[in-house]
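Structure at a glance
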Amino acid sequence: MKPQIVKSFLNAMELKRLKDTICSFYFPWFYQASVADEKKKEKETFYFTHMFYFGEKRCSQYYHAIEPLLNKLNIKTLIRAKANFYPNQGHQYIHPPHIDFSYKHSGCLFSVNTTNGFTRFVDGTTVIGKENQAMFFDPSILHFSSTATDTKYRLNIQINYLKNEH
């Protein structure tokens, strides 16, 4: 299944509020030593995350920042919601392939900023991140992420969920 792209996913005010929150001086980011496989410490890549929701509970006082995104999705069960911050490392790194969870589910990757960073699937389909773009796909299918070289960082929000079927 090819990913589905929706441009201008949030309205201008929703996008501004989201960016003002997660790009603020006070927003906490947490260092991750590897991107695709936490058991293997990747030598050259790292990133920062902020977990909004995981393990059937809210993990962040900033959960409200992503509610406009969540409200636009047909969610039966929220599995995980997190922000990913990939710093520009002076070279575009393509991370090892990974799956988010081993069972079939839905995913929304929301791009907070426009970069030359991308998500690539094993069939070669490549989606470059554009500000306010939502990409819908099955995160149980192997995919790769990358860093950006044309901006200071690549910033996106990954939401994993089960769809409400009606």
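Above: the structure in question.
Residues numbered from 1 in each chain as written. Predicted model: local features only at pLDDT ≥ 70, side-chain atom pairs only at ≥ 80, totals over all residues. Heavy atoms only, no water.

Turning our attention to the side chain of Gln 133. Relative to the elements of secondary structure, Gln 133 occurs in strand β9 (residues 133–137). Judged by relative accessible area, Gln 133 falls into the buried class, the value being 5%. Side-chain polar atoms of Gln 133 contact the backbone oxygen of Ile 128, separated by 3.2 Å. The contacts of Gln 133, once residues within four sequence positions are left out, are Ile 5, Val 6, Leu 109, Phe 110, Ser 111, Val 127 and Ile 128. (Helix = DSSP H or I, 4+ residues; strand = E, 2+ residues; numbered from the N terminus. Buried < 20%, exposed > 50% of the residue type's maximum accessible area, 1.4 Å probe, protein only. Polar contact = N/O pair within 3.5 Å; in protein donor to acceptor, adjacent residues only side chain to side chain. Contact = heavy atoms within 4.5 Å.)

Our next topic: helix α1 (residues 12–22). Looking at α1, one finds that the buried residues are Glu 14, Leu 15, Leu 18, Thr 21 and Ile 22. When α1 is viewed along its axis, its buried side chains cluster within an angular range of 135° and face the same direction. Seen from the open side of α1, the exposed residues pointing more than 90 degrees away from its buried face are Ala 12 and Arg 17. Among the residues of α1, the N-terminal cap falls to Asn 11, whose side-chain oxygen and the backbone nitrogen of Met 13 are separated by 3.0 Å. (Arc of directions from axis to C-beta.)

A word on the packing of aromatic side chains. The final tally for this structure, using the stated rule, is 17 aromatic pairs. Taking 6.2 Å as the distance between ring centres and 75° as the angle between the ring planes, the aromatic pair formed by Phe 48 and Phe 85 counts as edge-to-face. Taken together, the residues span a long stretch of sequence, with Phe 48 in strand β3 (residues 47–54) and Phe 85 in strand β5 (residues 75–87) at a distance of 37 residues. Given the relative accessible area of 24%, Phe 48 is considered partly exposed. Between the aromatic rings of Phe 54 and Phe 101, the centroid separation amounts to 6.4 Å while the plane-to-plane angle is 20°, which identifies the pairing as stacked. Here Phe 101 lies in the loop between β5 and β6 (106–111) and Phe 54 lies in strand β3, a separation of 47 residues in the sequence. Overall, the relative accessible area of 17% leaves Phe 101 in the buried class. Taken together, the ring pairs in this structure connect Phe 27, Trp 29, Tyr 31, Phe 46, Phe 48, Phe 52, Tyr 62, Phe 85 and Tyr 153 into an aromatic cluster. The ring centre of Phe 9 lies 5.9 Å from the NZ or CZ of Lys 72, which sits over that ring. (Phe/Tyr/Trp six-rings, centres within 6.5 Å; stacked < 30°, edge-to-face > 60°. Lys NZ or Arg CZ within 6 Å of the ring centre and 35° of its normal.)

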